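Residues per chain, in single letters:
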Amino acid sequence: MNALHTSVRDLASKAGQETALLGWISQFRSSGKIAFLGLRDGTGTVQVVVARNEVDDDSWDSIADLALETSVRVTGSVRQDDRAPGGYEVTASSLEVLGTADEYPIQPKEHGVDFLLNHRHLWLRHGRQAAIMRVRDEVVKAIRDFFYDRDFVLVDSPILTGAIGESAGTLFSTEYFDLGTAYLAQTGQLYVEAAAAALGKVYCFGPTFRAEKSKTRRHLTEFWMVEPEVAWLDSEGNMLLQEEFVSFIVQRVLERRRSDLDILERDVAPLEAIAPPFDRMSYTEAVDALRAGGSDIEWGADLGAEHETVLTEGRQKPLFVYDYPVEAKAFYMKENPEDPRTVKCNDLLAPEGYGEIIGGSQREDDYDRLLARIREEGLPERAYDWYLDLRRYGTFPHSGFGLGLERTVAWICGAPHLREVIAFPRMMTRLTP
Ligand code: NSS
C-alpha cells in the first residue's frame, strides 16, 4: 500500500497524474451529484471532489458511510488549483472506506479544555495540536544538532535513581526489590557531572519527574529536560552557552516551521528578536527592583511566577537572574567566593510572561563544602558517596543547566498551558489517556 500512495505534502510531484491517497475525512458535504471531502493524512489536508458520473457505483455508495474521521483510500487525478489551500485538488475516480467512524466527539465548536484532554488521543489529530507537535519535534532536533555540532556527547542518565536530585519535596518513589526505595529522576544532573569528568562536554535529554502539587499552567509531573554539563566552565561561561543555545533553537524553528507558527497564529516578531546577548540582573538587583515596584519580597526568598512576570515586563529578550541566596537553591551549587550568602547560579526567564525556562549553576567542587551542604539539607549521605567521589578524584570546576522542553515549546508556540505541548500530559489530576 505504502509505495503506491502519495502524501498530501507531495501532491505537487503528481500534478496532472493519477494517484492514491490514504487518510481521514476532516470535512464533507454532498449535494445530489457531487461531494466535496477534506482528506487529512498528517502531512496536510486536500480537497477531494467526487462526482457521481466519474466514479463507479461502489465508490458513490460509500459516500453514504462517510462521517468525520472515517479512514479512506481515494484514487484520483491531481489538479493544480491556486484557490485550493495547498495549491492542489484531487478529482476522485474511486473511493473506498477503510474504517467507518462513530459519531466523532470533537465537533467544530468550542469544547472545554477538560473535555479535550479527556479525548487527547483524538484531539491530537486537530490542526493546532499537530502543529505544536511538529514545532516540538523541531525543537528537539535543534537541541540535538546544537550539541552534536559542538562536540558534546549524549550520555543517557537513569530514570530509576537512589539519590535525590533536586529536593525531597517533589519525589515519586517506588519499592525497589531488596534495595529499599527508588526515586524517579527529577534531574539527570548528578550523573552528567560524572560523565563530564569522563568526556568533557556532555548532555542528557529525557523525561524527568516531579510530584508537583501545584496545578499551575507551568507544571507537569512528567516533563522533558535537556541538561548539558561542561568541564572547566564557570557560571559566566554557562550563561553565554545558554543564550547561544536558546537563540539557536528559536531561530531554527523560525527557519523551518514558519507554516506551523502561522497555524498557531504566533506573532513571530518577538521571536525574531531572540539573539545574544540576553539581559542580566543579579538576584539582589531583582529584589531591589521588585521592592521599588511595591513588592514586599524579602531578600532570601525564591522568586515566584508573579515576580518573574514583573521582572520580564517590557523586555523583548529573555532575562538572566543570577547568584541567588544559598537557601533558595539546591545543595549542589557553588558558593559564591565574593558573597558566600549566595551561590553561582542563574535562572533564565522567557519574555511574554512565559517565566523560567532554564535553571543552571556552577557546581560546588570543594569536597568539604559539598559534604557540609548535604548534611545541612539532611540528605542521606551514603546515597551521595559516589557523587562526592567526583570531588575526591581530581575535582574540577564545572557548570551546566537544565532547559525545560515543554516550557520552551509553549513559549515558542505561544501556547498558554504546558498541557498542550506534550502529547499525553501528566499532571496531578491527570493520568489518562
Ligand atoms: O529544577 S530546575 O530549575 N533545575 C534542575 O533540575 C537542574 N538539575 C538542571 C541542571 O542544572 N542540570 O529545572 C530546570 C528546568 C526549569 O527551568 C523548567 O524549565 C523545567 O526544568 N521544569 C519544569 N517543567 C515542567 N514542569 C515542571 N514541574 C518543571 N520543573 C522544572
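A quick note: this is a predicted structure, and the numbers were derived from the prediction, not measured.

## Let's talk about the overall build of the protein chain
For step 1, the next point in the chain: Each helix and strand counted, the protein chain has 13 helices and 16 strands in total.
For step 2, the next point in the chain: Structurally, the protein chain occupies a C-alpha span of about 85 × 55 × 40 Å along its principal axes.
For step 3, the next point in the chain: Burial status across the protein chain gives 50% buried among its 433 residues.
For step 4, the next point in the chain: If you take every contact in the protein chain between residues at least 6 apart in sequence, the share linking residues at least 24 apart comes to 66%.
For step 5, the next point in the chain: Counting only carbon and sulfur atoms, one obtains 50% of the accessible surface of the protein chain, whose full area is about 20500 Å².

## Brief notes about the site of the ligand
For step 1, the next point in the chain: Around the ligand, a shell composed of 23 residues is seen, among which Glu-166, Gln-189, Arg-210, Glu-227 and Glu-356 lie nearest.
For step 2, the next point in the chain: Here an oxygen atom of the ligand sits 3.3 Å away from a polar atom, N or O, in the main chain of Gly-404.
For step 3, the next point in the chain: Within the complex, the protein chains bury 94% of what would otherwise be the 630 Å² of accessible surface of the ligand.
For step 4, the next point in the chain: At the level of secondary structure, the elements contributing two or more residues to the shell around the ligand comprise β11 (222–231), β15 (355–362) and β16 (398–404).
For step 5, the next point in the chain: Across the shell around the ligand, the residue classes break down as 8 nonpolar, 7 polar and 8 charged.

## A word on helix α10 (residues 305–312)
For step 1, the next point in the chain: His-307, Glu-308, Leu-311 and Thr-312 are the residues of α10 that are buried. Buried residues in α10, looked at end-on, bunch into an arc of 120°, giving them a common side.
For step 2, the next point in the chain: Contact partners of the buried residues in α10: β12 (279–282), α9 (283–292), β13 (319–322), β14 (345–350) and β15.
For step 3, the next point in the chain: Just downstream of α10 lies Gly-314, where phi reads positive at about 75°.

## Examining the pairing of β11
For step 1, the next point in the chain: With 8 of 10 residues buried, β11 lies mostly within the body of the structure.
For step 2, the next point in the chain: Alignment of strand β10 (residues 201–209) against β11, held across 9 bridges, turns out to be antiparallel. Counted as the bridge partner of Phe-209 is Glu-222 from β11.
For step 3, the next point in the chain: Here β11 runs beside β16; their pairing, made up of 5 bridges, is antiparallel. The partner of Glu-229 across the bridge, within β16, is Gly-400.

Criteria and cut-off values
- Numbering of residues starts from 1 in each chain and follows the order in which that chain's sequence is written.
- With the structure being a predicted model, the display of local features is reserved for residues of pLDDT at least 70 and the display and counting of side-chain atom pairs for 80 or more, all residues being used for whole-chain, interface and lining totals.
- The basis for the side-chain values is all heavy atoms of the structure; hydrogens and waters are excluded.
- Under the DSSP-based scheme used, a helix requires at least four consecutive residues in state H or I and a strand at least two consecutive residues in state E, with every element numbered from the N terminus.
- Residue burial is assigned from relative accessible area. The probe radius is 1.4 Å, only protein chains are included, and a residue is buried under 20% of its type maximum, exposed over 50%, and partly exposed in between.
- Pairs of residues are marked as contacts when any of their non-hydrogen atoms sit within 4.5 Å.
- Surface accessibility in these figures is a Shrake-Rupley result with a 1.4 Å probe; residues are shielded only by whichever protein chains are displayed.
- Definition of nearness: a residue and a molecule or strand are near each other if at least one heavy atom of the residue lies within 4 Å of the molecule or strand.
- Any pair of N or O atoms that falls within 3.5 Å is considered a polar contact. Within protein, one atom must be able to donate a hydrogen and the other to accept it, and sequence-neighbouring residues count only if both atoms are side-chain atoms.
- Under this grouping Gly is polar, as are all residues other than the nonpolar Ala, Val, Leu, Ile, Met, Phe, Trp, Tyr, Cys and Pro and the charged Asp, Glu, Lys and Arg.
- In this description, one arc is meant: the one made by directions from the helix axis to the C-beta atoms.
- When DSSP finds at least two bridges between two strands, those strands are taken to pair.

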